[in-house]
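Listed here are the chains, written in short residue letters.
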Amino acid sequence: MRADRLGHGLRLKVGLCLLLLVLAPARGASPGEAAIASAHPLATEAGFEVLRAGGNAFDAAVAVSAALAVVEPSSSGLGGGGFFLLRHADGRSGFLDARETSPAGARAELFLAADGRLDREKALNSALAAGIPGLPAALEHLAREHGRLPLSRSLAPAIRLAREGFAVDEKYRHLAQARLAVLRRDPEAARIFLEHGEVPKGGWVLRQPELSVVLERLASEGAGFFYRGAFAERMASEVRRLGGIWTAQDLASYRLREREPLLIRREGAVILTAPPPSAGGVALATGLAILERFRWRELSPTDRVHLLAETWRRVFRDRAAHLGDPDFVPVPLDLLSDPAYGAGLAASIRLDRASQSAWLPGGGEPVEGSDTTHFSIIDAEGNIAAVTQTINLPFGAGIVVPGTGILLNNEMDDFALAEGQGNAYGLVGTSPNAPAPGKRMVSSMTPTIVITGERTAALGTPGGSRIVSMVMLAVLDVLEGRSAAEVAARPRVHHQFLPDVLIAEEGAIEEPMLAELRRRGHRVAVESRRWGNLQIAIWDRSVGRLEAASDPRWAAEGAARVETVTDAEVKR
Ligand code: DON
């Protein structure tokens, strides 16, 4: 980072001198206004409320994260985890790994049926599926180490939303429908999230009084009560009563990890992204190194899609072979992120013909699913938070710990539980991603910050394994100068090694490109469903302007906004 900061500082000085010469106001040093893009307008407003109260991007991140846990309970929550990529205005960066961990009693065999195959009910819809949550620890740490306001101030909007309730939107109804059978099975989940056992009607007000009490305790006591003492013991025993294996010791052993963000350099830009146990940043590093060998900017649209498929085939294969929790297994990060390694993989790619996953070591055959949430914040001073958080599938395991309003995650499915059998996203893994006590399961979540000569972008998205390809497409778009709205709207394509299919959103691949890709040997499937929910904020430092965009696939009015926050400077 240091060389970068110096380079950045130099550019800044030269830029400022030039500006002074033309007697323009000194732009570029800080945006002067703030941008927030999240999956829900009420969460975005929670962030602005905290900025108006004198908070910085990190206080706002606490507010947005906690508000999302309330207003988008399908996607993330106190019972889940996430990755927080942070960059301070002075150039310091950080990464909070609040990924869930495996309870000590978990073994892959617990998730297998009598015939040795993965029992998807156990891996996805049972209390066994729940990892030990990381989000409460992250919120406290973020406020204490990076924020300016007390945790209680930043959590106030979430507490209010949980207590007073809010009208559910179409997305909530859609996801509740998708998980209706599972939600109905758990009396607490059905009581809180359904209306008389049915998907609530539009406008129905979701109130979560139990959750508001837990958030109030978090606000007044910090995260300690969640991990140790009577509350933790009660949660663990309830989870065991529901068929899970949590112990009080599992909760007491949970540790938030602070990691170095993964740093990638490309075309003079610096990209900060998620390190392992995220598989996304590594894939981005190897992937961009592969593309570099092909003069990406000069390729035809068909060649681009072909090359992306060939690239993702290879980086997802490496994921299956090598990725695991770096605290437990050696992840060959230096190798995988070395441009020379990318060049080696590039040498195995022909532009006129597709390879096949079956030709690569580890290639056999295995499906997918959908929910998680991302938000991006840039404050008036230039502090940045890019955060992706999750409970895995919509409404997690669909089970609420009684008396807490907290949904259990089903993140254990992100471990490689059964050899050769894909998880909910069709991802296959191997021994590096086998469960072990206290171990983190590999994730696709990839919050990312891109810093070019002129612009700084914070971005990310949900979408399971497709997060990895979506983030890479977004990074390429930012490097090519596209606007936030363009990046969020762009049609998407994806490949993940297994299954060996190039999938495309409707409109992403039309004839004659489709015919040409098939001629080259790709199996192409066009899906009617659109995927992802990308949230992006861009600060154009050359003109001193902020942009924010929410993915138009789900965007609600007010989810992405830029505002002048006048109080921030005064109250500092
Ligand atoms: O961490 C992961 O990779 C998954 N649990 C994320 C799940 C997800 O993005 C679902 N969203 N549509």
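What counts and what doesn't
- Residues numbered from 1 in each chain as written.
- Predicted model: local features only at pLDDT ≥ 70, side-chain atom pairs only at ≥ 80, totals over all residues.
- Heavy atoms only, no water.
- Helix = DSSP H or I, 4+ residues; strand = E, 2+ residues; numbered from the N terminus.
- Rg over C-alpha atoms; globule rule 2.2 N^0.38 Å.
- Buried < 20%, exposed > 50% of the residue type's maximum accessible area, 1.4 Å probe, protein only.
- Areas by Shrake-Rupley, 256 points an atom, 1.4 Å probe, with all protein chains shown as cover.
- Lys, Arg positive; Asp, Glu negative; His and termini not counted.
- Charge placed at Lys NZ, Arg CZ, Asp CG, Glu CD.
- Near = heavy atom within 4 Å.
- Polar contact = N/O pair within 3.5 Å; in protein donor to acceptor, adjacent residues only side chain to side chain.
- 1 Å grid on protein atoms, 1.4 Å probe; cavity = no way out; pocket = protein on both sides within 12 Å on 5 of 7 lines; lining within 4 Å.
- Sits in = over half its atoms within 2 Å of the grid points.
- Nonpolar A, V, L, I, M, F, W, Y, C, P; charged D, E, K, R; others polar.
- Points joined across faces, edges and corners; volume = space filled by probe spheres on them.
- Pairing = 2+ DSSP bridges.
- Axes fitted to C-alpha atoms, helices over the stretch in contact; angles between N-to-C directions.
- pLDDT = per-residue confidence, 0-100.
- Contact = heavy atoms within 4.5 Å.
- Phe/Tyr/Trp six-rings, centres within 6.5 Å; stacked < 30°, edge-to-face > 60°.

### Description of the overall build of the protein
- Counting its secondary structure elements, the protein contains 21 helices and 20 strands.
- For 572 residues, the compact-globule estimate of 2.2 N^0.38 gives 25 Å, and the C-alpha radius of gyration of the protein, at 23 Å, lies within 12% of that figure.
- Projected onto its principal axes, the C-alpha positions of the protein cover 60 × 60 × 45 Å.
- In the protein, which comprises 572 residues, the share counted as buried stands at 63%.
- Counting only carbon and sulfur atoms, one obtains 53% of the accessible surface of the protein, whose full area is about 20,500 Å².
- Side-chain charges in the protein split into 65 positive and 68 negative, and the spacing between the mean points of these groups amounts to 2 Å.

### Some remarks on the site of the ligand
- Close contacts around the ligand come from 15 residues, with Asp371, Thr372, Glu411, Asp414 and Ser443 the closest.
- Between the ligand and Arg99, the relevant distance is 3.0 Å, taken from an oxygen atom to a side-chain nitrogen or oxygen of the residue.
- Here a nitrogen atom of the ligand and a side-chain polar atom of Asn392 are 2.8 Å apart.
- Protein contacts shield 98% of the accessible area of the ligand, which totals 350 Å² for the unbound molecule.
- A molecule is said to occupy a pocket when more than half its atoms come within 2 Å of that pocket's grid points, and by this definition the ligand occupies the largest cavity.
- Its residues placed into classes, the shell around the ligand shows 4 nonpolar, 7 polar and 4 charged.

### Some words on the layout of surface pockets
- If you add up the space inside the second largest pocket, you get close to 310 Å³.
- What lines the second largest pocket is a set of 16 residues, among which Pro301, Arg304, Val305, Arg490 and Pro491 lie closest to the centre.
- Elements that contribute at least two residues to the lining of the second largest pocket include exactly helix 15 (301–322) and helix 18 (466–479).
- Among the elements that line the lining of the second largest pocket, the one with the most residues is helix 15, at 4 residues.
- Classifying every residue of the lining of the second largest pocket gives 10 nonpolar, no polar and 6 charged.

### Digging into the sheet that holds strand 9 (residues 373–378)
- Taken in spatial order, the 7 strands of this open sheet run 6-3-2-10-9-1-20, and their pairing is antiparallel. Unpaired on one side and paired on the other, strand 6 (257–259) and strand 20 (560–563) mark the two borders of the sheet. Taken over all neighbouring pairs, the strand axes of this sheet differ in orientation by 10° on average, direction set aside.
- Relative to strand 10 (residues 384–390), strand 9 is paired through 6 bridges, and the arrangement is antiparallel. Directly across from Ser376, in strand 10, lies its bridge partner Ala386.

### Here's the deal with the sheet that holds strand 17 (residues 524–527)
- The strand order across the open sheet built from 3 strands is 15-16-17, with neighbouring strands paired in mixed fashion. At either margin of the open sheet sits one strand with a lone partner, and together these are strand 15 (493–494) and strand 17.
- Here 4 bridges tie strand 16 (residues 502–505) to strand 17, and the two strands are oriented parallel to one another. Bridged to Leu502 within strand 17 is Val524.

### Some remarks on empty space enclosed by the protein
- Roughly 270 Å³ of internal volume is contained in the largest cavity.
- Taken together, 30 residues form the lining of the largest cavity, with Arg319, Asp414, Asn423, Leu427 and Val442 sitting closest to its centre.
- Across the lining of the largest cavity, the residue classes tally to 13 nonpolar, 12 polar and 5 charged.
- In this structure, the second largest cavity occupies an estimated 90 Å³ of space.
- Looking at the second largest cavity, it is lined by 13 residues, and the ones nearest its centre are Ala69, Ser76, Gly77, Gly405 and Leu407.
- Each residue belonging to the lining of the second largest cavity can be placed in one class, and the counts come to 8 nonpolar, 5 polar and no charged.

### Regarding the confidence of the model for the protein
- Of all residues in the protein, 93% have pLDDT values of 70 or greater, and the mean over the chain is 93.
- Scored below 50 in pLDDT, residues 1–26 makes 17 contacts in the model with residues more than four places away or belonging to other chains.
- For residues 364–370, every residue scores under 50 in pLDDT, and the model assigns this stretch 28 contacts once sequence neighbours within four places are set aside.

### With respect to the packing of aromatic side chains
- Applying the stated rule across the entire model yields 8 aromatic pairs.
- Residues Phe83 and Phe95 carry aromatic rings whose centres are separated by 5.3 Å and whose planes lie at 40° to one another, so their mutual orientation is tilted. Taken as a pair, Phe83 in strand 2 (residues 81–87) and Phe95 in strand 3 (residues 93–98) lie far apart in primary sequence, 12 residues in all.
- Between Tyr227 and Tyr254, the ring centres sit 5.6 Å apart and the planes meet at 15°, which makes this aromatic pair stacked.

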